Structure formats: structure tokens, C-alpha cells
Number of protein chains: 2
Amino acid sequence: MSIHREEAILFARSHIEEYISSLKKLVEIPSISTLPENQGDVQRAATELAYQMETLGLQNVQVMPTQRHPVVYGEDLSAGPDKPVVLIYGHYDVQPVDPLELWETPPFEPQVKGDFLVGRGTSDMKGQIAATLAAYHALRSTHGMPVNVKFIVEGEEEIGSPHLRNFVENHRQLLASDISLNPDAGMLAPHLPTIVYALRGLAFFELLVYGPSHDLHSGVFGGVIHNPAQVLCEVIAGLHDKNGTVTLPGFYDRVRPLPDWEKKELARLPLESEVLLEQTGVPALWGEAEFNFAERIGARPTLEVNGLYSGFTGQGSKTIIPSYAMAKISCRLVPDQNPHEVHEQLLHHLKNVMPSTVRWELKYLGGGNPCMTDIRHPANQALAAALETAWGTPPIYKREGGSVPVIGDFKEILGIETVLTGFGLPDDRIHSPNEHLHLPTWKKGIEALIHFFFNLAEQEGLKH
Amino acid sequence: MSIHREEAILFARSHIEEYISSLKKLVEIPSISTLPENQGDVQRAATELAYQMETLGLQNVQVMPTQRHPVVYGEDLSAGPDKPVVLIYGHYDVQPVDPLELWETPPFEPQVKGDFLVGRGTSDMKGQIAATLAAYHALRSTHGMPVNVKFIVEGEEEIGSPHLRNFVENHRQLLASDISLNPDAGMLAPHLPTIVYALRGLAFFELLVYGPSHDLHSGVFGGVIHNPAQVLCEVIAGLHDKNGTVTLPGFYDRVRPLPDWEKKELARLPLESEVLLEQTGVPALWGEAEFNFAERIGARPTLEVNGLYSGFTGQGSKTIIPSYAMAKISCRLVPDQNPHEVHEQLLHHLKNVMPSTVRWELKYLGGGNPCMTDIRHPANQALAAALETAWGTPPIYKREGGSVPVIGDFKEILGIETVLTGFGLPDDRIHSPNEHLHLPTWKKGIEALIHFFFNLAEQEGLKH
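Small disclaimer: the values here were computed from a predicted structure and weren't measured.

Caption draft 1: Here's a closer look at the overall build of chain A. Assigned secondary structure in chain A consists of 15 helices and 18 strands. For chain A, the C-alpha radius of gyration of 23 Å lies close to 23 Å, the compact-globule estimate for 464 residues. Overall, chain A is about 80 × 50 × 45 Å in size when its C-alpha atoms are taken along their principal axes. Taking all 464 residues of chain A together, 65% fall into the buried category. For chain A, contacts bridging at least 24 residues in sequence account for 80% of all contacts bridging at least 6. Element-wise, carbon and sulfur atoms account for 50% of the exposed surface of chain A, whose accessible area totals about 16400 Å². Taken together, the 37 basic and 57 acidic charged side chains of chain A have centroids lying 2 Å from each other.

Caption draft 2: Broad picture of the domain arrangement of chain A. Residue and element names in this part refer to chain A. Looking at chain A, the domain boundaries give domain 1 (3–199 + 370–458) and domain 2 (202–255 + 301–365). Computed over C-alpha atoms only, the centres of domain 1 and domain 2 are separated by 36 Å. At the junction of the two partners, domain 1 supplies 10 residues and domain 2 supplies seven residues. The contact between domain 1 and domain 2 buries some 590 Å² in all, and 63% of this surface belongs to carbon and sulfur atoms. Of all residues in domain 1, the largest losses of buried area upon contact with domain 2 belong to Pro370, Arg399 and Ser403, amounting jointly to 61% of the total for that side. Here domain 1 and domain 2 share zero salt bridges between them. Summed over the shared surface of domain 1 and domain 2, the result is zero residue pairs in polar contact (both at pLDDT 80 or more). The class makeup of the residues in the side of domain 1 that touches domain 2 is five nonpolar, four polar and one charged.

Caption draft 3: Inspection of the packing of helix H4 (residues 122–141) of chain B against helix H15 (residues 439–458) of chain B at higher detail. Residue and element names in this part refer to chain B. With their axes 9 Å apart at the nearest point, H4 and H15 run at an angle of 50 degrees to one another. In terms of orientation, H4 and H15 fall into the oblique class. In this structure, H4 meets H15 at a crossing whose hand is right-handed. Between H4 and H15, the contacting residues are Gly127, Ala130, Ala131, Thr132, Ala134, Ala135, Ala138 and Leu139 on the first element and Trp442, Ile446, Leu449, Ile450, Phe453 and Phe454 on the second. Residues that form the contact of H4 with H15 fall into these classes: 12 nonpolar, two polar and no charged.

Caption draft 4: Structural view of the sheet that holds strand S11 (residues 302–311) of chain B. With antiparallel pairing, eight strands are arranged side by side in an open sheet as S14(A)-S9(A)-S13(A)-S11(A)-S11(B)-S13(B)-S9(B)-S14(B). One side of each edge strand has no neighbouring strand; the edge strands of this open sheet are strand S14 (359–368) of chain A together with strand S14 (359–368) of chain B. Pairwise comparison of adjacent strand axes, ignoring direction, gives a mean angle of 20 degrees for this sheet. Here strand S9 (residues 201–210) of chain A runs beside S14(A); their pairing, made up of nine bridges, is antiparallel. Note that in S14(A) the partner of A:Leu207 across the bridge is A:Leu362. Here helix H8 (residues 228–237) of chain B sits on the sheet in contact with strand S11 (302–311) of chain A together with strand S9 (201–210), S11 and strand S13 (324–333) of chain B, set at roughly 20 degrees to S13(B).

Caption draft 5: Representation of helix H9 (residues 260–268) of chain A. Residues and elements named next belong to chain A. Buried within H9 we find Glu262, Glu265 and Leu266. For H9, the buried positions fall inside an angular range of 100 degrees around the axis, keeping them on one side. Turned more than 90 degrees away from the buried face of H9 sit Asp260, Lys264 and Ala267, all of them exposed. In this structure, the buried residues of H9 make contact with strand S8 (194–199), helix H11 (293–298), strand S15 (371–372) and strand S16 (396–400).

Caption draft 6: Spatial organisation of the UniProt feature "domain: Peptidase M20 dimerisation" (unreviewed entry) in chain A. UniProt feature "domain: Peptidase M20 dimerisation" (unreviewed entry): in the numbering of this structure it lies at residues 197–356 of chain A. Overall, residues 197–356 of chain A shows 32% helix and 23% strand. The separation of its end C-alpha atoms is 45 Å.

Caption draft 7: Looking closely at the pattern of salt bridges. Residues and elements named next belong to chain A. Taken as a whole and judged by the stated rule, the model has 38 salt bridges over all chains. Arg165 is the salt-bridge partner of Glu169, the closest N and O atoms lying 3.8 Å from each other. With Glu169 and Arg165 both in helix H5 (residues 164–170) and four residues apart, the pair spans about one turn of that helix. Residue class for Glu169 comes out partly exposed when judged on its relative accessible area of 31%.

Caption draft 8: Main features of the relation of the copies chain B and chain A. With an RMSD of 0.2 Å, the operation that places chain B on chain A is a rotation of 179 degrees combined with a shift of 0.0 Å along the axis. In the structure described here, the two chain copies are related by an operation that fits a two-fold rotation axis. Mapped onto chain A, 99% of the interface residues of chain B again fall at the interface, so both copies present the same surface.

Thresholds applied
Residues numbered from 1 in each chain as written. Chains lettered and ligands numbered in written order. Predicted model: local features only at pLDDT ≥ 70, side-chain atom pairs only at ≥ 80, totals over all residues. Heavy atoms only, no water. Helix = DSSP H or I, 4+ residues; strand = E, 2+ residues; numbered from the N terminus. Rg over C-alpha atoms; globule rule 2.2 N^0.38 Å. Buried < 20%, exposed > 50% of the residue type's maximum accessible area, 1.4 Å probe, protein only. Contact = heavy atoms within 4.5 Å. Areas by Shrake-Rupley, 256 points an atom, 1.4 Å probe, with all protein chains shown as cover. Lys, Arg positive; Asp, Glu negative; His and termini not counted. Charge placed at Lys NZ, Arg CZ, Asp CG, Glu CD. Domains from an automatic or database assignment. Buried area = accessible area lost by both parts, 1.4 Å probe. Salt bridge = Lys/Arg side-chain N within 4 Å of Asp/Glu carboxyl O. Polar contact = N/O pair within 3.5 Å; in protein donor to acceptor, adjacent residues only side chain to side chain. Nonpolar A, V, L, I, M, F, W, Y, C, P; charged D, E, K, R; others polar. Axes fitted to C-alpha atoms, helices over the stretch in contact; angles between N-to-C directions. Parallel < 35°, antiparallel > 145°, perpendicular 65-115°, else oblique. Left-handed = near helix turned anticlockwise from the far one by under 90°. Pairing = 2+ DSSP bridges. Arc of directions from axis to C-beta. UniProt positions renumbered as here; feature names shortened; annotations may be inferred. Least-squares fit on C-alpha atoms with pLDDT ≥ 70 in both.

Shown next as C-alpha cells:
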């Protein structure tokens with residue numbers, strides 16, 4: 001290892017407690033983007049992040065407003081015009097915390113418990129932002145940044161980034177870069193560094209079925225009224241066949257078939273049923289039998305019910321025919337599906353199957369395209385080498401089941417590919433109670449990032 | 001009309017404001033039997049009712065505890081051992097009020113608005129209890145009760161009367177009687193007095209489907225996990241065919257076929273689609289096409305979803321695979337179905353259809369047998385004559401869609417039939433926001449009850 005790398009690594013190690021302390025300050029702010037009552041907290045998180053970025057040495061740091069939650073920007077162009085510009089993406093917003101009663105420690109009072117930092121957003125993804133900032137600080141504080149960096153950290157990822165595309169379109173100059181780094185993609189296990197080369201897209205909906213104008217007595221009217229909760233169940237039931245395939249007409253038309261090299265690479269992933277059963281607690285796994293687990297999660301689209309509500313749900317009973325029923329539905333998409341087409345498919349299907357005994361409404365709540373980057377791209381090669389240096393083993397290439405809508409927008413508007421990695425683990429319980437970050441893995445991640453920036457500076461073919 | 005009848009009628013009319021005032025006092029107490037937090041209020045309502053009964057002149061008035069909500073008892077045996085004993089049934093508990101924001105006036109601040117007294121329980125059924133007490137008071141205050149009366153007013157009807165059967169079994173002597181009057185059955189329209197000769201039974205359940213041990217990220221795990229909300233929807237969807245018939249194996253085995261005289265009588269009911277559409281606000285009616293509306297509501301069993309809950313139901317989105325899904329399900333039953341058999345049928349069916357990818361649980365929350373009384377029974381004849389006197393038109397005979405579980409218990413344990421009528425109307429919005437009692441109809445009902453008691457005293461064949 002060169003002396004510059006070694007010094008940066010040692011600097012990072014000796015400042016690790018500061019980096020954890022700053023991360024905790026960010027985690028403490030309940031930046032829940034989906035809840036209107038947390039609007040002020042989201043703003044505070046942006047301000048805190050901007051402050052930390054400035055303190056670490058980034059320049060031109062701005063909290064830039066959008067129609068809803070602001071974007072935080074900062075740059076360091078000290079590497080000079082001959083070096084690549086890396087656009088580092090992140091989001092400082094987090095998921096809601098309910099059910100609150102299942103948290104063992106308060107979600108916004110981050111605590112170190114053993115090897116973990118526990119709290120909402122520690123893994124998804126304030127911890128990942130903190131890792132990139134730590135790598136930056138360590139480099140800048142020793143021999144300087146080997147590449148140029150621009151940070152773009154948004155506050156709406158958990159709600160589908162509704163205003164980010166617009167923001168990127170309006171700031172092409174500011175965001176002009178050669179490659180993007182997205183550390184939101186996680187890894188498979190503490191000993192298995194991962195490069196994600198594809199992400200699923202997303203489309204989310206709310207479906208409402210309206211029956212009577214008010215809840216009815218099920219004795220007085222039962223037998224002549226089509227129960228909207230029953231209709232909702234029947235419609236949802238009709239969206240999958242018994243093999244787990246989505247029955248929406250046209251849904252799979254644009255799904256790109258899996259080439260052999262991908263099948264081989266995906267087969268390397270250690271996604272075994274025992275591990276999945278242990279991580280999830282289900283009695284048995286499920287899904288399209290003709291695809292293995294890695295293919296089902298990474299290369300196949302899904303349609304999922306995220307929520308159901310109708311009628312009386314309290315303790316005991318209330319014998320009503322409910323006036324309405326609601327489902328939250330979201331689809332994970334793969335190349336080359338797109339959310340607006342899926343919206344049309346769902347709308348068209350519902351028009352065909354909904355009975356005339358109810359009224360109904362489908363609301364499109366947001367979405368993003370799926371995306372894919374060549375694993376032989378120079379930046380992916382730089383990242384692969386960095387991960388191998390930090391972990392002593394080459395990375396696994398993976399298609400990610402989750403979504404980050406902005407990746408496709410970066411490709412389309414800025415013309416740049418994205419390399420995806422991250423230091424979150426499958427059992428970090430993101431989106432659930434008791435989310436945590438595995439600190440030993442996170443620390444290795446900081447070191448891998450340091451190596452990545454050095455590798456990028458030495459790589460050919462990156463400058464636009 | 002005899003002088004005794006006339007005096008009692010006039011007395012009732014001149015004391016009507018007192019009776020309304022006492023009814024309001026009872027309505028003010030939020031005796032919601034299903035909610036544990038209202039336990040104290042239910043107790044208070046029992047105490048208030050007992051106080052009112054004593055004040056009106058009833059003897060041996062007691063608030064008698066059960067495992068949960070007490071039974072209020074009172075009697076007047078002044079008519080003597082040669083006269084029939086009428087066991088008057090009622091319930092002082094009420095339905096929950098949610099959604100509270102839809103009430104135009106507070107549910108427990110009863111107000112007279114035009115011809116209506118508005119508040120939870122005014123129609124179902126504190127107003128009906130008040131009518132029987134008013135008739136009693138008017139008779140007792142003029143020439144005395146022509147028959148003996150025993151009042152049994154429970155506090156658990158809205159939750160399926162779980163402890164009443166036991167109570168009746170333990171108090172056979174106290175409750176020994178010749179006939180029961182149940183004024184909880186309502187009437188078809190203000191000009192159509194009604195005798196209900198059959199009630200549907202009831203069985204209610206809670207079905208829980210458990211998937212992962214905690215909510216999962218739908219990107220990280222979507223495709224390999226069987227979504228419990230989806231399973232719930234599929235199972236519920238499978239419970240009806242497209243004709244509206246319940247598919248539960250064995251469900252209809254014990255349903256007594258409809259004889260011609262009943263078909264003719266039910267065809268007299270003015271249950272037209274325009275009226276139903278207006279009362280309910282649905283875009284179109286539904287149900288088993290080979291039965292008319294009155295048959296579907298009165299003579300056919302149903303299976304209804306009363307509530308659904310799973311995952312995230314707040315504003316916006318949360319892309320999870322929920323850890324569990326819940327449905328509240330209840331069945332209305334007709335002779336000769338019984339709730340325990342239906343429980344077995346549902347359990348058996350679920351064991352056959354539930355996939356091994358989830359765990360599940362069916363909870364039986366309560367139920368009661370359906371029941372039927374001969375329309376030519378002397379007490380029904382006495383009631384028919386009384387209704388004709390008060391309304392100037394003979395009553396319509398109806399099979400009621402709703403349930404009062406205790407009727408079958410009275411038959412089985414005390415050996416008595418029940419005559420069912422009532423002065424609630426279909427648009428009283430029972431079980432919904434803005435419940436109200438139509439006072440002009442209610443006042444006629446008091447007078448009909450006065451005539452009923454006189455008729456009973458003159459009827460042959462009632463003493464056991």
C-alpha cells in the first residue's frame with residue numbers, strides 16, 4: 001500500500017469516535033419524510049448535515065430548497081480538472097418508526113449496543129453518508145483528495161424522490177460529473193463486500209374501494225350489499241396466480257430476459273433458504289419456482305400489498321359492512337419496465353375486474369425506473385479492487401431488490417453511470433423497529449472508500 | 001277502547017317529556033361494551049337504569065354482576081298468579097362511535113332535532129327500553145298492570161352476550177315466565193308496524209395471518225416471501241363465489257328451505273331497490289340472484305368482512321412486506337345453522353386452503369343461534385292486535401336480518417317463545433354515526449305496548 005493510502009487509513013481509524021459522534025447527532029433528528037408533522041425535523045437534519053459537511057472541509061455547501069424537502073450540496077474540487085469528478089449521492093431522510101412499541105431503545109436516541117449502533121437511519125442511510133464523509137475527511141486531512149467530489153444528499157428518498165428529478169434538471173452545471181457513487185445498496189454479509197450492478201424500480205399506489213355511504217349494520221343490510229372489503233380482497237387476490245406470478249396483463253412484457261453470464265453470477269450469491277428463513281422468521285419461503293432466490297429478488301418484478309385497512313379493527317367486534325376499504329400496493333420493477341406503464345396496466349386491469357356494485361379509485365403515489373450498470377465499467381473495476389483490498393476477498397456482483405429512483409435520472413439527465421455499494425447488512429432491520437448499523441463492517445467500509453477514491457484517480461477512461 | 005286502556009294511554013301522553021328526559025339521562029352514559037376503557041361507564045349505565053326502574057315502581061330491582069358487564073333486573077308481580085308473566089328483554093350497552101368526526105352532534109350528548117332524538121343508543125336500544133318502561137309506568141300509575149312483568153336488561157348484547165346464557169341458566173327460578181317480549185327488532189317504516197318472527201344468528205371471528213417476524217423491506221426480500229396481507233386477501237376472496245354464495249363447505253347444509261307461505265309473506269315486504277339504494281348509498285345492489293331482497297336479508301345466511309388491517313395505513317407510503325394481516329369476519333345465520341358448527345366449518349376450510357408459507361390463527365369471538373316463533377302463537381296474536389290498534393293497520397310479518405343471541409337461549413333454558421317488535425326504523429343509522437330515534441313512531445310504540453299488555457291478559461293459552 002502506498003504511503004498516502006496508509007496515512008489516510010490511519011487518520012480515519014484515529015478519528016473514528018468523532019465520526020460516530022457526528023453520525024449520532026444526525027440520527028437524533030427524526031427526519032421522517034413521509035409524515036407532514038415532521039417537516040421541521042427534516043429541515044433540521046438538512047441543516048445539521050450541511051454544518052457537518054462544512055466543518056469537515058467541503059466547499060460551496062448549500063441547503064437548497066425544493067417544493068418539499070431540501071437537497072444538501074457540497075463539493076471539493078481541489079484535485080483539479082484532470083481528475084474525475086465523483087457525484088456522491090445520499091439521502092438524509094428516514095422511514096417512519098411504527099410500531100413504536102416494538103423498539104427496545106428509542107428510535108431517535110442512537111446507542112451503541114455491542115457491535116451495533118441502534119436507531120432509525122443508522123443503516124439506511126445516515127451511516128452510509130457518514131462513511132463517505134469520514135473517507136473524505138481522512139483523505140483531505142492527509143495528502144488531499146485524489147479525485148474531485150460533489151455531494152448531493154436529498155431528503156425525499158423514502159417517499160420516492162418526487163422533486164429530485166426536477167432538481168437535477170435545474171442544476172445540470174452544478175452537478176456535472178463523470179461518475180456517481182451511491183453507497184445505499186448494502187452488502188450480503190460482513191465478510192462479503194458487494195457491488196450492486198442493478199436496482200429494481202418502484203411504483204406505488206393506493207387503491208380505495210367505496211361501498212355504502214356509511215358503515216352499515218350487517219344484520220339489517222347483509223345479503224344485498226357488496227362489501228367493499230370483500231371486493232378489495234377479491235381484486236387483490238386476482239393479482240397473483242398460485243405460482244406467485246403477477247397476473248397483471250402486460251406486466252412482464254418489457255422484462256429483459258436473463259443472459260447466461262448473469263444467471264451464473266447470480267448463482268454465486270450465498271442466498272440460502274436457511275439464512276433467509278432465519279432473517280425473516282417465516283415458516284417457509286415462496287415465489288416463482290422457476291427462478292432461484294437471487295433471481296426472484298434481483299431480476300424479477302413484484303407486486304406487494306404494503307397495507308390494508310377497512311372497517312372496525314379495535315378490540316372485540318363490530319358487526320358492520322364497512323363503507324370503504326383501502327390497500328397500499330407497490331411494485332418493484334426490473335429493466336426495462338417503467339412505473340407509468342405499470343400504472344396504466346393496473347388501471348386498465350382494475351377497470352376490467354371491478355364490479356359495478358362499488359366505486360373505486362387508484363392513486364399513483366410515486367415511482368422510479370429500474371437501472372443497470374456494466375460490471376466492467378472502469379469505476380466498477382476501481383470499486384471492486386478497493387473492496388478486495390479492504391476485505392481480502394473479491395466482491396460479489398449482485399442485482400439489488402431495492403430501489404433508488406434517482407439512479408435512472410442521473411443517467412438520463414447528467415449522462416453518468418452509478419456504482420453502487422454500501423455497508424449495510426440484510427439483518428440491519430431497515431424499515432423496521434430496532435434498525436442498527438454493524439460498526440466493524442462500517443469501519444471497513446470507510447477504508448474501502450479511501451481505496452476507491454485512490455483507485456479512481458489511477459483508472460483510465462473515466463473523464464468525460 | 002276500554003276506559004282502563006284510555007286512561008293509561010292518556011297518562012303516557014301527559015308524561016312523555018319525563019320519559020324523554022329519563023331516556024336522555026341513559027343515553028348520556030357511553031356504555032360501549034366492546035371497549036375495555038368504557039368498563040366504568042357500562043357499570044354506571046346499569047346503575048342509572050336500575051335507579052330509573054325503581055323510581056318507576058318496579059320491585060326487587062338489582063344490578064347483578066357477571067364475569068364482565070352486569071345484568072339489571074326488576075319485576076312487578078302485582079297482576080297475580082293467574083296472569084301471564086312477561087319477561088321483557090333489553091340491552092343497555094351500545095356500539096362504538098367511530099368514526100367520531102362524522103357525528104354532527106356529540107354521540108353522548110343526546111339532542112332533539114326536529115322529530116328525532118340524536119345520539120348513540122337512542123334507537124338501539126335505550127329508546128326501546130324507555131318505551132317499555134313508559135308503558136309499564138303508565139299502566140301501573142292508572143289501573144295497575146294487567147299482566148306480570150320481569151325485566152332483564154343486559155350489558156353485552158353488542159359483543160354477543162358472552163355471559164348471558166350462563167346467567168339465565170343460573171337464575172331459572174328468578175326468570176321463570178310464560179313469554180318473552182323483545183323490543184329490539186325494529187319496524188320497516190313509520191306507517192308499517194312489524195312483527196319479527198325470525199332472527200338471524202351470529203358467529204364472529206378474528207382471522208390472523210402471520211408472515212415474517214417483523215415488517216420487511218419489500219425490496220430486500222420481495223419475491224421470496226409470501227406476503228401475509230396477500231394470503232389474507234386470497235383466503236377471504238375464496239369465501240364467496242361470483243354469485244355471492246358462501247363457498248364454505250357445509251355452510252348451507254342445515255339451512256331450512258323456505259315454505260310457500262313464507263315466500264308469500266316475505267314478498268309482501270316493501271323492500272324495493274330504490275329504497276335500499278337510497279338508504280345505503282351504494283351504486284348498485286348485490287347478492288344471490290335467485291332470492292329476492294327480503295329473502296336475502298331475512299332467510300339467507302351471510303359471511304361478512306367487518307374489518308381489515310395490515311402493515312402501513314398512514315399518509316403516503318411505506319414499502320414493507322407486513323409482518324401480519326388481520327380480518328374481522330362475522331356470519332349471520334338462519335335456522336337451523338348454529339355458530340359452533342360454522343366455526344368448525346371455517347376452521348376446517350382454512351386448514352385446507354392456508355399455505356404452509358404462513359402461520360395463522362382463527363379466534364372465535366362469540367355467537368348465537370338463529371331463531372323463529374310461530375306467527376299464530378297467542379302472544380304474537382296479542383301483539384298483532386295491539387299494533388293494529390295503535391297504527392290502524394295490521395302488522396307486516398318479517399324475518400329479521402339482525403341477531404339477538406339470547407332469544408334461542410330463552411327458548412332452550414326457560415322454555416319460552418319470544419315475540420319481537422320494536423320502534424326503530426331502517427334509517428336510524430344504528431351502528432353508524434348520527435344514530436337517531438324517530439319520536440312520533442316511538443310514542444305510538446308506547447301506546448301499542450300498553451294495548452299489548454292488556455291483550456295478553458285477555459288471551460287464552462299463555463299460562464304455562
